[in-house]
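If you want the building blocks of each chain, they are given just below.
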Amino acid sequence: MDISIDHDKCIGAGQCALIAPEVFDQRVEDGLSVLLVQDPGADQYEAVREAAEMCPLGAISTAGAARPRD
Ligand code: SF4
């Protein structure tokens, strides 16, 4: 999974760090989101997807992590 954060959109709302704390954190100086890992393991995919969906600014983009087939 390749994750990117658009810092022009991010306002530091912190949803991502709450939902996926192993992947996202917030910068001390301004609260903007930072990635702790660029390419998290599959066990984090669902949390990262949820974080992207819950971000109020749509600042998180993900690629390369297709949902597993049922
Ligand atoms: S949820 Fe969105 S706006 Fe809030 S800190 Fe994370 S990336 Fe930024």
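- Per an unreviewed UniProt entry, the protein goes by Ferredoxin and derives from Streptomyces physcomitrii.
- Heading Cofactor (unreviewed entry) of the UniProt record for the protein holds this comment: "[3Fe-4S] cluster".
- Recorded in UniProt for the protein, the comment headed Function (unreviewed entry) runs: "Ferredoxins are iron-sulfur proteins that transfer electrons in a wide variety of metabolic reactions."

**Digging into the overall build of the protein**
- When you go through the protein residue by residue, the secondary structure sums to two helices and four strands.
- Along the chain direction, N to C, the helices and strands of the protein fall in the order β-α-β-β-α-β.
- For the protein, the spread of C-alpha atoms along the three principal axes comes to 40 × 20 × 15 Å.
- The buried share among the 70 residues of the protein stands at 36%.
- Considering only intrachain contacts with a sequence separation of at least 6, the fraction spanning at least 24 residues in the protein is 50%.
- Within the structure as shown, the protein displays about 4,500 Å² of accessible surface, and the carbon and sulfur contribution to it stands at 49%.
- Charge-centre separation for the protein: the mean point of 5 positive side chains lies 8 Å from the mean point of 13 negative side chains.

**Here we look at the side chain of Ser33**
- Topologically, Ser33 is positioned in strand S3 (residues 33-35).
- Of the residues examined, Ser33 reaches a relative accessible area of 2% and is grouped as buried.

**Let's talk about the pattern of salt bridges**
- The final tally for this structure, using the stated rule, is three salt bridges.
- Arg27 is the partner of Asp30 in a salt bridge, and the nearest nitrogen-oxygen pair spans 2.6 Å.
- With relative accessibility at 27%, the residue Arg27 sits in the partly exposed group.
- Glu46 is the salt-bridge partner of Arg49, the closest N and O atoms lying 3.0 Å from each other. Of this pair, Arg49 and Glu46 both sit in helix H2 (residues 45-54), three residues apart, roughly one helical turn.

**Observations regarding the nonpolar core**
- Membership of the largest hydrophobic core comes to 17 residues, with the highest contact counts inside it found for Ile3, Val23, Phe24, Val48 and Ile60.
- Here this core gets five residues from one element, more than from any other, and that element is H2.

**Some thoughts on the environment of Glu50**
- If you trace the backbone, Glu50 turns up in helix H2.
- In sequence terms Glu50 and Val28 are 22 residues apart; their C-alpha atoms lie 23 Å from each other.

**Quick word on the site of the ligand**
- Close contacts around the ligand come from Cys10, Ile11, Gly12, Ala13, Gly14, Gln15, Cys16, Ser33, Cys55, Ala59 and Ile60, and that covers them all.
- For the shell around the ligand, a count of residues per class yields seven nonpolar, four polar and no charged.

What counts and how
Residues numbered from 1 in each chain as written. Predicted model: local features only at pLDDT ≥ 70, side-chain atom pairs only at ≥ 80, totals over all residues. Heavy atoms only, no water. UniProt positions renumbered as here; feature names shortened; annotations may be inferred. Helix = DSSP H or I, 4+ residues; strand = E, 2+ residues; numbered from the N terminus. Buried < 20%, exposed > 50% of the residue type's maximum accessible area, 1.4 Å probe, protein only. Contact = heavy atoms within 4.5 Å. Areas by Shrake-Rupley, 256 points an atom, 1.4 Å probe, with all protein chains shown as cover. Lys, Arg positive; Asp, Glu negative; His and termini not counted. Charge placed at Lys NZ, Arg CZ, Asp CG, Glu CD. Salt bridge = Lys/Arg side-chain N within 4 Å of Asp/Glu carboxyl O. Core = buried A, V, L, I, M, F, W, Y, C linked by side-chain atoms within 4.5 Å. Near = heavy atom within 4 Å. Nonpolar A, V, L, I, M, F, W, Y, C, P; charged D, E, K, R; others polar.

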